[in-house]
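For reference, the chains in residue letters:
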Amino acid sequence: MDVNAVLPTVEPIVQQVRERGAAAALEYGEKFDRIRPGSVRVPTERLDAALANLDPAVREALGVAIGRIRTVHAAQKPKESTIELAPGATVTEKFIPISRVGLYVPGGKAVYPSSVLMNVIPAQEAGATSMVVCTPPQKEFGGWPHPTTLAACALLGVTEVWAVGGAQAIALLAYGDDEFGLEPVDMVTGPGNVFVAAAKRLVNGVVGIDSEAGPSEIAVLADDTANATFVAYDLISQAEHDENAASVLITPSEELANAVRAEVERLAGQTLNTQRASSALGGAQSGIVLVDDLETAIAVTDAYASEHTEVHTANPREVAERLTNAGAIFVGPYSPVPLGDYAAGSNHVLPTSGTARFAAGLSTHTFLKPVNLIEYDEAALKEIGSHIVVLATDEQLPAHGEAIKARGI
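Cut-off values and rules
- Residues numbered from 1 in each chain as written.
- Predicted model: local features only at pLDDT ≥ 70, side-chain atom pairs only at ≥ 80, totals over all residues.
- Heavy atoms only, no water.
- Helix = DSSP H or I, 4+ residues; strand = E, 2+ residues; numbered from the N terminus.
- Contact = heavy atoms within 4.5 Å.
- Areas by Shrake-Rupley, 256 points an atom, 1.4 Å probe, with all protein chains shown as cover.
- Lys, Arg positive; Asp, Glu negative; His and termini not counted.
- Charge placed at Lys NZ, Arg CZ, Asp CG, Glu CD.
- Pairing = 2+ DSSP bridges.
- Axes fitted to C-alpha atoms, helices over the stretch in contact; angles between N-to-C directions.
- UniProt positions renumbered as here; feature names shortened; annotations may be inferred.
- 1 Å grid on protein atoms, 1.4 Å probe; cavity = no way out; pocket = protein on both sides within 12 Å on 5 of 7 lines; lining within 4 Å.
- Buried < 20%, exposed > 50% of the residue type's maximum accessible area, 1.4 Å probe, protein only.
- Polar contact = N/O pair within 3.5 Å; in protein donor to acceptor, adjacent residues only side chain to side chain.

What follows covers the overall build of the protein. Check the secondary structure of the protein and you find 16 helices and 13 strands. Intrachain contacts of the protein at a sequence separation of at least 6 include 74% that bridge at least 24 residues. On the protein, roughly 19200 Å² of surface is accessible, and the fraction owed to carbon and sulfur atoms is 52%. With 28 positive and 50 negative side-chain charges, the protein shows a separation of 6 Å between the mean positions of the two kinds.

Here it is in C-alpha cells:
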C-alpha cells in the first residue's frame, strides 16, 4: 500500500475540510460516492429504527460477539502502580483514558458492524467519556449508513454517528465544525482504504491515530500435517476482502503446497465474492512460499510480519510461541482468522504492510495514556539533590541545579 502516492490527492481534501468543515466533507462525499446525507449527524430515530428492524439472528450473533470482546478488553486494562524508591520518594503510574475518540468504520465493498464492535468496546473499557462513529453514507439506504452498522452502534449505546466516509471523514474528525456542532476528537482509530490511511497520516499530530491500516493480509505457516482444505478456505476468506488483499502460504511441504493450490482453484469460484477473491489470490501479493524446513518457515513468517498469522503444524502452540512479528497469531486448525474477525474476543483492527514488526493491534491500551505522578518530600529530595545539581552542571543547565538549591537542598 503506497500511502505516499496518494498524499497529493488527499492533502487538498484534508485542507478544505480543515478550512470549511462539514460543508467541504459533504461536497467531497457527493463527488466521490454520488450521495449526500440529509445531515452529517445521523438522527437518533435512525439508530433506534435500525436496531428495531435488525434480524434477530444477527442481533443474537452480535450480542455473543460483544460479550466475548468486552470480556477480553476489560481484562486488558492495566492497574495503577506505585514504586517507592526511598522513604518519601514515589513514582506512580496511572492510566488516563483519551477523552474523546473518533472511530472510523468503513463501508464500500462490504458492511462492517464487526468493526463497530472492535472500535467501540476497547474505547468503552478504557473509559473514554465521549465517542463518535464515522461511517460512509449509502445510496441504497437513502444517504444514511448501512442499517446493520447503525444497529451495532445502538446496541453499544453509541448515540453520535456521522454519515461521512473516506479521507474527508478523518479530516472532519480531526478538525470538527463549530457551526454544525461537530466537536473534534483527540484520537482517530479504525481501518480503511489507502485514502483513509493517507488522511490519518496527514492529521497525525493534530490528533492521535492507531495505525495506517492497509489491505487485509493472511500468512499461513503449515507443515505436512495441515489440512489442505482448511488452509485453502482460510486463504480465500481474507482474499474476498479486497482485490489487494494478500493470502500467503509458507510451508516446507511440497505435497501440501500442491494440495492447497488445487483446493484454492476448486473453492475460490464458489464464493459470493469470486471475482474479488480470485483477483487477490492471483495478484503478486499472494502466493505459496516453499521453504527447506520448518525453521526457515518460521524465519520467513517473521520477516513477512503479517496482519494475521495462522499456524498449522504438528506442534502449533510451540511454533506460535516462537513467532515475534504478527498482528495476531491463530494457533491450530480450529482457530481460523474469521474467528478473530468476529467473535474470538480479540481485536481485528491489526497492523498491516509489515508494521507488525513494531506496532500492535487496537486494544484497550490504545485509548489509555500512561502518566507518571512524581511525589518527593523534602528529605527524599535532599537525598538525591546533590546528584541532580552535578548532572545539571555537567549539561551546562545551571538553572536546573539552582531550582534544587533554592529549596535549601
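Located in the positive-phi region is R34, a residue other than glycine, with phi close to 55°. The topology assignment puts R34 in the loop between helix 2 (22-33) and helix 3 (44-52). A positive phi angle, close to 55°, is found at S353, a residue other than glycine.

The subject of this paragraph is the sheet that holds strand 11 (residues 308-312). The strand order across the open sheet built from five strands is 10-9-8-11-12, with neighbouring strands paired in parallel fashion. Across the chains shown, the open sheet's two edge strands, defined by having one partner strand only, are strand 10 (287-290) and strand 12 (328-331). Averaged over all pairs of adjacent strands, the angle between their axes in this sheet comes to 20°, without regard to strand direction. Here four bridges tie strand 9 (residues 246-251) to strand 10, and the two strands are oriented parallel to one another. Paired with T251 across the bridge in strand 10 is L290. Relative to the sheet, helix 9 (residues 228-239) contacts strand 8 (217-222), strand 9 and strand 11, its axis offset from that of strand 9 by approximately 155°.

Mapped onto this numbering, the UniProt entry gives "binding site: NAD(+)" (unreviewed entry) at Y104, Q168 and N193. Sequence-wise these annotated residues cover 90 residues; spatially they are packed, their C-alpha atoms never more than 12.5 Å apart. As for the largest cavity, its lining draws on Q168 from among the annotated residues. Considering the arrangement of structural elements, one finds Y104 in strand 3 (residues 100-104). Its relative accessible area of 4% is what places Y104 among the buried residues. Separated by 2.8 Å, the side chain of Y104 and the backbone nitrogen of G166 make a polar contact. For Q168, the position within the fold is in helix 7 (residues 166-175). A distance of 3.0 Å separates the side chain of Q168 from the backbone oxygen of G165, its partner in a polar contact.

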